[in-house]
Each structure stands twice: as C-alpha cells, then as structure tokens.
Amino acid sequence: MSRLLENMNPQQQEGIRSVDGPVLLLAGAGSGKTRVITHRIAYLIQERGVPADAILAVTFTNKAAKEMAERVDKILGHGSLTKPMLATFHSFCVRVLRRDIEALRVGAVGLTKTFAIYDETDQQAVVKQALKRLAIDDKSLKPRVALGRISWAKNHMIDPQEYFLASTNPMEEKIAHIFEIYKKELFKANALDFDDLLLETVRLLKSSGETRERYNRRYKYLLIDEYQDTNRPQYELMKLLAGPDANVCVVGDEDQSIYSWRGADIKNILEFEKDFPETKTIRLEQNYRSTQVILEGAGAVVAQNTQRKGKNLFTTREGGSLIGYYEAPDGENEALFIADRVQRYLREAGGQVDLPRCAVLYRTNSQSRLVEEALRRYQIQYHMVGGFSFYDRAEVKDILSYMKLVQNVHDSVALARVVNSPPRGIGKTTMETLERMALSSGMSTWDAIGHTIEDKLLPARALQSLSGFRRLIEDARAMLGPDFAEKLASDLAPANDASLLSETVEDAEADVSFGFGEENSGFEPEDTRANSFDTSFNFGFDFGPSEEISTIAAENSSDSNAAHGIDSASFNPFAPVVLKRSASTTVERAAEIKMADEKPAFRKPGDAATLPELIKFLNDRSGYIRALEEEATPESFSRIENLKELANAAQDAQERGETLHEFLDHAALVSDADSYSEEARVTLMTLHAAKGLEFPLVFLTGMEEGLFPHSRTLTDPTGLEEERRLCYVGMTRAMDTLIMTRARYRRRYGSDMPEASIASRFLEEIPSKLVEDLGSPPARPQFSGSDYGSAYGGAYATPYPKANKFGRPNGEENERHYSYEDEDQSGERARTQASGLPGVN
Ligand code: ATP
Ligand code: MG
C-alpha cells in the first residue's frame with residue numbers, strides 16, 4: 001500500500017484515492033479532513049503522476065493556506081520543482097484577474113490588467129463622492145454604513161438593480177443609488193474592491209468560455225477545505241473551476257459553519273450533491289484529535305441544534321480528564337486562574353511534550369485584555385492570532401491618546417493622532433499650518449491652536465472645528481478637578497494673554513448667579529472655576545452644549561462628520577459651565593435631561609471624575625462610539641466592545657488607586673513587546689480565528705449568557721444555533737484538556753459595581769458527569785440586593801441565589817449557598833484568590 005495511505009482509516013483512504021469525479025467529505029471536527037486534503041495532494045503527485053501545478057487547493061485564511069503548504073512540503077520533501085497552487089479564494093482570484101481580466105472588455109471598454117485594488121479608505125472616498133452627487137447628508141447616511149450594505153449585497157451576489165427592487169424603505173433605495181454610482185466610479189477608475197475580486201472572476205469565467213476552458217485544462221484537480229463557510233460567489237467559482245471533469249473534492253463540517261454573517265451558506269453543502277449528481281459522499285467518523293470526554297461534551301452541545309443532519313463521532317482515546325469548569329468571582333480572577341493554569345501546564349508539560357502549546361479562546365476580542373494582563377503578571381509570553389494586543393488596537397490607542405492629551409496638552413504626538421479622529425473637519429493642511437507655526441515659534445501644537453483661534457489666523461470653518469476640539473479637551477481636563485482645571489488655566493492663559501480666562505470667569509459667574517449658585521457662595525472668588533464646575537455636579541446634569549458649540553455643529557453640518565466631538569446631546573455632568581443662557585432654555589434642558597437619565601451622577605462638590613468616567617466622556621463626546629455605532633458592522637461592534645473594555649481597565653486602575661498618569665504608564669507597559677512573541681507557547685484568539693487549529697490544552701473563557709452566546713443572538717434562534725456551532729468549534733480545538741471558565745460578576749462598561757452574570761446555556765448542555773468543578777472561591781462582591789442581575793433581566797432576584805453546578809439559579813444539582821459568612825469582613829469587594837493562585841493582587 002502507498003505510504004500515503006498508511007495510518008489512514010478506510011474512509012480516509014477512500015477520500016484520498018477517489019481522485020476522479022466529485023467528492024464530498026463531510027465529517028466532524030478532528031476527523032482528519034484537512035489531513036485527507038494534504039495527503040490527497042501528495043497522492044495525486046506521487047502515485048498518480050499528476051503534475052503538481054495541475055492541483056489547486058483553496059482555504060479561507062492565509063494562515064491555513066500557509067499551514068497546508070507546510071504539511072504538503074513535509075510529505076513531499078522540499079525538493080520538488082513545481083508546486084501545487086495553495087491559495088485563499090482572494091489570492092487566487094487576483095492571479096486570475098491580473099492575467100485575464102481583459103477578456104471581459106467589450107471593444108475598448110473594460111478594466112485592464114493593471115487594475116487597482118481599493119482598500120477601505122479608497123472605498124470610502126468613492127462613497128462620499130456618491131453621497132455628494134446624490135445630495136445625501138453624510139450624517140443621515142454614513143459612508144461606512146453604505147459600504148457595509150454594498151459589501152453585504154456583493155457577498156449575496158445582488159446587484160444595484162436587484163437591491164433597488166428589493167428595497168422596502170427610502171434609506172435602502174438611497175443605498176441602491178449609491179451602490180450604482182459606486183460601481184460605475186470603480187469601473188471608471190480601473191479599480192476593484194475586495195469583494196469584486198471574487199465577483200469579477202466569476203463573471204470572467206462565466207462569460208469567457210475560452211478562459212474558463214483554459215483554467216479547467218490547467219487545474220485538473222480542485223480541493224476546498226472548510227467548505228461549510230463558502231458564500232455564494234465562492235460556490236459559483238468552485239462550480240466554474242470544477243469544469244466538466246469535476247475532479248473536485250470539498251471537505252467540511254456543517255456543524256462548524258460560523259460565518260453566516262459574511263454570507264456563508266450551509267445550503268452550499270446540500271446543493272453540491274444536486275449540482276454534481278455523481279458525487280461520492282464520504283463520512284469520517286473517527287476523531288483523532290480529542291479525548292472521548294471532550295468529544296462527548298462537544299457533541300452534546302451541538303446536538304441541541306435543530307438545523308443539522310446529525311452524525312456520529314468516536315475516538316479511541318477513551319476517557320481523558322474531565323472538562324474543567326471554573327467559576328471565578330470576577331473577570332480579573334478568571335484571567336488570573338487561567339494564567340496560573342498555563343504556568344503550571346508549561347512547567348509540567350515542559351519535560352514530557354516536545355512542544356507544549358495551549359490556547360485561550362474568547363468570543364469577543366475585547367476579552368483579551370484581562371487575559372493579557374494576567375499573563376503579563378505571571379511573565380508568560382503569548383502570541384495573538386488575527387489581531388493586535390489589546391492596547392495596540394487602533395481605537396484603544398486613539399482614546400489613550402486623548403487621555404494623554406488630557407494629561408498633557410502639549411503632547412503634540414497624541415494631539416496629531418486624535419485631532420481628526422473621528423473626522424471633525426480638521427484637515428491635513430490645517431494641521432500642517434499649525435505644526436509649522438509651532439515649530440517656528442517653539443510652542444506646542446496645542447498652543448499654536450490657541451493662538452490661531454484667538455488671532456483668527458485660519459478660515460472660520462477650520463477655527464470652529466479647532467475650538468470644538470479644544471473645548472473637548474478642556475472639558476475633559478475640567479472633569480478631573482480643580483488641579484487640572486487650574487493647570488488648564490495656566491496652559492491656556494500665558495501671563496500676557498488673560499483674555500480667555502477672564503471671559504470664562506465672567507461667564508461662569510453669570511451661571512452661578514443664575515439662581516443655582518447660592519449654596520456655593522462660600523467659595524472664594526478665585527475658585528470660580530471650581531464653583532461653576534461644582535454647580536453642575538450638584539444638579540447632576542449638564543447644561544447642554546455651549547451656544548458656541550451648537551453653532552459650530554450647525555454650520556459644519558454639511559461637512560463630513562464635522563459635528564463629531566462637538567455633539568450637542570452628550571452628557572457631561574462635570575464640564576464647567578461657561579456660557580450664558582436664558583433661564584427657560586436651561587430649565588427646560590435640565591428637566592429633559594433629568595427625565596432621560598434615570599440615575600444622575602450626583603457627586604460631592606470638589607470630587608474629581610474617575611478614570612472610567614473620563615474614558616466614557618471621551619468615548620461619547622469625541623463622537624468615537626457614535627461613529628462606530630453608525631457603521632454597524634461586526635468589526636465596528638468589536639471596536640466598541642474594546643472601548644468599553646478600556647473603561648473597565650480604567651475602573652480596575654481606579655480601584656488600585658492609580659492616577660491618570662499611572663494608568664497611561666500601565667497601558668504602555670502591557671502593550672510592550674516583551675510579553676508578545678510569535679514563538680510563544682500560549683496563543684490568544686477569538687473562537688472564529690481558531691477554526692481548523694488544535695492544541696493540547698484549551699481554555700474557553702467568558703462562558704456567560706450575553707457574552708457567549710453573544711447578546712446580539714439571544715433572541716434569534718438562527719443566531720443562537722450559530723453561536724452553538726461556534727462553541728462546538730471551540731471545544732473541539734482541545735486535544736487533551738479543556739477548561740471552561742466564567743466570571744460570576746463582570747464589569748460592564750467601566751461600572752464600579754460588576755454585574756451578576758448567568759452561566760452560559762452551553763455549559764448546561766454538557767452532561768454533568770463529564771465536568772469537574774475546579775473550585776469556586778466563596779468570595780462574593782459586596783452589593784445590595786437591588787444591584788443584582790440588572791443586565792440579565794433580573795434573573796438573580798435575590799442577592800444570594802442558590803446555584804447549580806454552573807451557578808444558575810434554581811437548579812437542584814450541586815446546590816450551593818452563599819451566606820454572609822463568605823463575605824469579607826472589611827466590606828471590601830472580596831478578591832479572594834482561587835485555590836492555588838499566588839498572591840498576585
Ligand atoms: P477540523 O474540523 O477541526 O478542521 P479536521 O477534520 O480537519 O478537523 P485534522 O486537522 O485533519 O482534522 O486532523 C485532526 C488531528 O488528527 C490531526 O492532528 C491529524 O494529524 C490527526 N489525524 C487525522 N487522521 C489521522 C489518522 N488516520 N491517524 C493518526 N492521526 C490522524
Ligand atoms: Mg480541518
């Protein structure tokens with residue numbers, strides 16, 4: 001028997017040997033599907049004498065393509081001259097189009113081989129143009145929102161005309177028009193976007209028989225991994241490439257379909273057998289990756305899905321250690337527990353296994369923050385797949401830069417980073433002018449802005465945008481208390497120019513005398529700033545935008561995103577009140593805000609804002625979160641989650657007693673490259689990124705309702721089934737040990753009191769005989785009963801719920817009572833360490 005068929009079970013052998021005609025290999029996780037693909041490639045070359053370059057294998061990510069190439073190289077030896085084509089869908093399409101796109105030209109019309117590939121910035125510029133032409137206000141329809149819809153349409157192979165016909169509201173109709181213009185503009189520019197790469201290749205192979213035949217002759221053997229995640233254009237492409245011989249082998253697992261939000265369609269599996277009636281369908285039932293316990297646990301979870309065919313999987317790796325479950329008191333302890341286990345594992349496995357490796361998986365990117373910080377405390381190096389370390393993510397760096405600027409307005413690097421992020425109409429030319437001015441007179445950019453505004457050195461529009469930005473930073477500084485406010489005064493008002501200060505004082509006094517100030521009249525006159533500041537504290541609401549600001553917003557409304565950062569509706573209980581208002585406006589506004597805000601942040605006079613409050617203020621007032629919300633793509637939601645997580649980090653810092661300065665230092669240290677290494681044995685990644693990979697030890701974290709399954713899917717049965725498949729993917733990455741964790745209380749958007757969580761339903765779906773409780777510290781955060789469960793529909797009605805194994809209330813199993821004795825006598829929020837954790841606190 002061929003060496004390549006040795007150590008393969010009969011079904012796998014069949015998958016490798018059946019090289020003529022269509023093959024559909026459907027099998028569960030870890031059953032050797034990818035292994036069949038790599039061995040099939042080698043088999044074709046070595047046993048069937050197929051030239052390597054007649055083979056095309058397609059996967060989804062560059063990482064997967066690279067891994068496949070390595071595996072094939074290993075089997076074939078590195079010496080071979082020709083190599084099979086191992087590509088992602090997109091990289092393959094670029095090759096085809098660079099060579100043949102001109103076959104699509106009609107006469108002199110059409111794209112040429114030198115076409116450009118537009119990235120997101122280019123795409124946005126085109127959409128902005130389209131908005132202008134259609135006279136659509138880009139505040140009512142954000143360019144990125146339109147782009148998101150256009151991409152969705154393309155992934156479903158819907159063209160502008162069809163989009164228009166299907167639209168049910170004026171907004172959708174507008175998008176159809178934008179789509180049409182966008183398409184034409186790209187055509188005129190000899191450009192394609194990322195989605196077009198697929199669509200144009202499909203169009204090319206459909207319309208040019210000659211080209212299609214050439215590719216069919218060239219690539220005799222086609223293989224596709226992770227087939228369950230193909231979308232419509234990819235499916236069409238597969239059919240065209242398969243050609244009349246249809247030597248096509250697709251492998252997949254419908255239980256691992258996790259990309260429906262990108263247009264992936266499980267129907268493609270069902271249609272395969274229809275489109276290729278002579279398909280040989282092979283099922284693999286042996287899992288070689290995981291222990292029986294892990295497999296049974298994962299199988300039990302996915303069995304809860306109704307939309308599946310169902311299949312059996314067995315493993316000869318009988319038994320295995322039980323699935324570990326750890327319920328931490330809070331997110332920080334959850335992360336510390338993981339770091340501790342990782343450390344133990346690396347220490348113990350180091351001697352036995354050649355290459356100890358483990359993975360920490362999470363549902364949303366923002367969850368990496370706590371794990372990264374914990375690993376750092378343990379001095380364990382880690383590596384991240386498909387993303388940046390938390391403090392290196394663009395949006396996190398932006399808000400940190402805002403904070404740096406609040407800390408020190410003369411930090412010109414920070415200023416340059418955020419002055420127009422999100423876009424507020426401060427363009428490159430304005431910045432160049434300011435920087436030149438700063439350079440020539442030896443002042444900071446901030447001071448240059450000040451002078452420019454005072455002496456009206458730039459066109460009115462630029463000045464307005466700059467004042468809006470300056471006000472944002474000033475207000476943020478004022479939040480931090482009189483120290484900052486006073487320092488601000490000296491920053492702003494050099495001895496020779498007190499005009500701005502005096503104006504502000506006057507206005508502040510005006511507000512104080514406006515009936516609110518009575519109780520503050522004991523302040524010294526010099527404290528006027530603090531005085532106005534405290535006035536707003538006492539009332540717990542904002543006085544709304546300054547008139548100046550609303551004027552800017554109104555005047556700039558035609559400019560792209562100009563109103564960002566100078567939002568009229570944002571709520572800042574700490575900002576000094578500096579402008580006069582008529583009584584009625586203020587009172588009305590006050591009433592409005594009181595109604596809208598259930599829990600006004602009452603503070604004692606003189607209290608400075610906390611760090612998370614500062615971040616929330618910057619997130620909101622800068623317009624950053626709003627811009628991301630409007631974008632409404634999975635990526636933008638993930639960015640919002642990161643910004644909220646940054647506020648959580650700040651709350652942790654606040655509790656450690658850190659100042660703004662110390663917090664910024666901390667962030668700089670965590671992101672430093674020390675802890676991050678490509679060779680690290682610990683990999684952090686989202687569940688989506690973990691597809692196809694395997695690790696001896698896997699942690700599945702944040703097993704909580706609302707986190708996983710994600711809150712966006714809780715009321716959507718289809719979405720929930722996809723989350724469950726994602727859980728199946730995550731669990732089946734584990735070879736030997738699987739540990740699932742959860743925090744009983746978790747911070748949400750910088751809250752000082754973490755909120756009670758409910759164990760993920762997926763935990764309950766695992767038979768309890770497979771689960772080992774790794775201990776649960778008795779610690780209980782000190783809350784009053786009414787604070788429980790507000791985020792989760794009040795499921796925890798009483799402060800001390802009876803909990804079953806997974807901490808769900810009302811369960812009979814493993815009943816656990818929390819009593820007052822558990823509480824830390826000091827009344828501090830208990831931070832009792834999990835058993836075995838060193839005293840890192
Ligand atoms: P996934 O669905 O997660 O992508 P898969 O079906 O592609 O999984 P592979 O990654 O190909 O599975 O294989 C899982 C593990 O089992 C790998 O370590 C692989 O080397 C091993 N394996 C597969 N088949 C065999 C076999 N016949 N003998 C020994 N080991 C095998
Ligand atoms: Mg695989």
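Owing to the predicted nature of the structure, the values given are computational and were not obtained by experimental measurement. (Residues numbered from 1 in each chain as written. Chains lettered and ligands numbered in written order. Predicted model: local features only at pLDDT ≥ 70, side-chain atom pairs only at ≥ 80, totals over all residues.)

**Observations concerning the overall build of the chain**
The criterion, for reference: A run of H or I in DSSP becomes a helix once it reaches four residues, and a run of E becomes a strand once it reaches two; helices and strands are each numbered from the N terminus. Buried, partly exposed and exposed are defined by the number of other C-beta atoms within 10 Å of a residue's own C-beta, namely 20 or more, between the two limits, and 12 or fewer respectively, with C-beta atoms placed from the backbone. Here, residues touch in the contact sense if the C-beta positions derived from the backbone fall within 7 Å of one another.
Helix and strand content of the chain: 31 helices and 16 strands. Expressed as a percentage of its 841 residues, the buried residues of the chain come to 46%. At a minimum sequence separation of 6, the contacts of the chain that also span at least 24 residues come to 76%.

**Details of helix α9 (residues 194-207)**
In plain terms, the rule: Every helix has an expected span of 1.5 Å times one less than the residues it contains.
Helix length check: α9, at 14 residues, gives a terminal C-alpha distance of 21 Å against a target of 20 Å (1.5 Å per residue), a fit within 8%. Along α9, the positions that sit buried rather than exposed are Asp-195, Asp-196, Leu-197, Leu-198, Leu-199, Thr-201, Val-202, Leu-204 and Leu-205. Elements in contact with the buried residues of α9: α4 (89-100), α6 (143-155), β5 (191-192), α10 (209-218) and α11 (232-242).

**A word on the site of ligand 1**
Here is the rule we go by: Any residue whose C-beta atom, as placed from the backbone, lies within 6 Å of a molecule or strand is termed near it. Classification used: nonpolar for Ala, Val, Leu, Ile, Met, Phe, Trp, Tyr, Cys and Pro, charged for Asp, Glu, Lys and Arg, polar for all others including Gly.
Around ligand 1 sit 19 residues in total, of which Gly-32, Lys-33, Thr-34, Arg-35 and Tyr-288 are the nearest. The dominant element in the shell around ligand 1, judged by the number of residues it contributes, is helix α2 (residues 33-46), at three residues. Tallied by class, the residues present in the shell around ligand 1 amount to four nonpolar, ten polar and five charged.

**Points about the sheet that holds strand β3 (residues 85-88)**
Where we set the bar: Should DSSP find at least two bridges between two strands, the strands are taken to pair. Interaxial angle, 0 to 180 degrees, is taken between N-to-C directions of lines fitted to C-alpha atoms, where a helix line uses only the stretch in contact.
Taken in spatial order, the six strands of this open sheet run β3-β2-β6-β7-β1-β8, and their pairing is parallel. Two strands bound the open sheet, and with one partner strand each, they are β3 and β8 (280-284). Averaged over all adjacent pairs, the angle separating strand axes in this sheet is 15°, with direction ignored. Sheet topology note: the strand β6 (residues 221-224)/strand β7 (residues 248-252) ladder contains three bridges and is parallel.

**Here's the deal with the packing of helix α13 (residues 292-302) against helix α30 (residues 717-731)**
Selection criterion: The scheme is simple: roughly parallel for angles under 35 degrees, roughly antiparallel for over 145, roughly perpendicular for 65 to 115, oblique for anything else.
Two elements in contact, α13 and α30, have axes whose closest approach is 9 Å; the angle formed by their N-to-C orientations is 175°. In terms of orientation, α13 and α30 fall into the roughly antiparallel class. Mapping the contact onto sequence places Ile-294, Gly-297, Ala-298, Val-301 and Val-302 in α13 and Arg-724, Arg-725, Cys-727, Tyr-728 and Met-731 in α30. For the contact of α13 with α30, the class distribution of residues is seven nonpolar, one polar and two charged.

**Section: the packing of helix α16 (residues 394-407) against helix α28 (residues 634-655)**
Short version of the rule: In this scheme, a crossing is called left-handed if the near helix is turned counterclockwise away from the far one by less than a right angle; it is called right-handed if the turn is clockwise.
Where α16 contacts α28, the axes come no closer than 9 Å and their chain directions differ by 40°. Overall, the two elements α16 and α28 adopt an arrangement that is oblique. The element α16 and its partner α28 pack so that their crossing is right-handed. In this structure, α16 uses Glu-395, Val-396 and Ile-399 to contact α28, whose residues at the interface are Arg-639, Asn-642, Leu-643 and Leu-646. A breakdown of the residues in the contact of α16 with α28 according to their chemical character gives four nonpolar, one polar and two charged.

**As for helix α27 (residues 624-631)**
Restricting attention to buried positions, one finds in α27 the residues Tyr-624, Ile-625, Arg-626, Ala-627 and Leu-628. As for α27, its buried residues are in contact with α16, α26 (611-621) and α28. The first or second residue beyond α27 is Ala-632, which carries a positive phi of 50°.

**Details of unusual backbone geometry**
Here the bond from Ser-421 into Pro-422 is cis, since omega is 0°, no more than 30 degrees from zero. As for its position among the elements, Pro-422 is in the loop between α17 (412-418) and α18 (428-441). A cis geometry characterises the amide bond from Phe-708 onward to Pro-709, with omega recorded as 5°. Its location among the elements puts Pro-709 in the loop between β13 (695-700) and α30.

**Description of the pairing of strand β10 (residues 358-362)**
Each regular strand carries side chains that alternate between the two faces of the sheet. In terms of burial, β10 is a largely internal element, five of the five residues being buried. Residues of β10 alternate between two faces, with Cys-358, Val-360 and Tyr-362 on one and Ala-359 and Leu-361 on the opposite face, all of them buried. With five bridges connecting them, β10 and strand β12 (residues 682-686) associate as parallel partners. Its bridge partner being in β12, Tyr-362 is matched across the sheet by Thr-686.

**Some remarks on the confidence of the model for the chain**
Formally: The predictor attaches a confidence to each residue, called pLDDT, with possible values from 0 through 100.
Averaged over every residue, the pLDDT of the chain is 77; the share at 70 or more is 76%. Under the prediction, the complex receives an ipTM of 0.99, its pTM being 0.75.

**Notes on the nonpolar core**
To be explicit about the condition: In plain words, the nonpolar core is the set of buried Ala, Val, Leu, Ile, Met, Phe, Trp, Tyr and Cys residues that C-beta atoms within 7 Å link up.
Membership of the largest hydrophobic core comes to 71 residues, with the highest contact counts inside it found for Leu-25, Ile-41, Ala-57 and Leu-222. Residue contributions to this core peak at seven residues, all from α2. With residues near it in sequence (within four places) discarded, Leu-222 still touches Leu-56, Leu-241, Ala-242, Asn-247 and Val-248. Judged by nonpolar contacts, the second largest core, of 61 residues, contains Val-360, Leu-375, Leu-700 and Ala-756.

**Description of the pairing of β13**
Counting buried positions over the six residues of β13 gives five, a clear majority of the element. Relative to β13, β10 runs parallel, the two sharing four bridges. Residue pairing for β13: Leu-361 is matched across the bridge by Leu-700. Direction of pairing for β13 relative to strand β14 (residues 734-746): parallel, over a ladder of five bridges. For Val-698, the partnering residue across the bridge sits in β14 and is Leu-738.

**Quick look at the environment of Leu-669**
Summarising the element assignment, Leu-669 is placed in helix α29 (residues 660-670). Separated by 80 residues in sequence, Leu-669 and Tyr-749 place their C-alpha atoms 22 Å apart.

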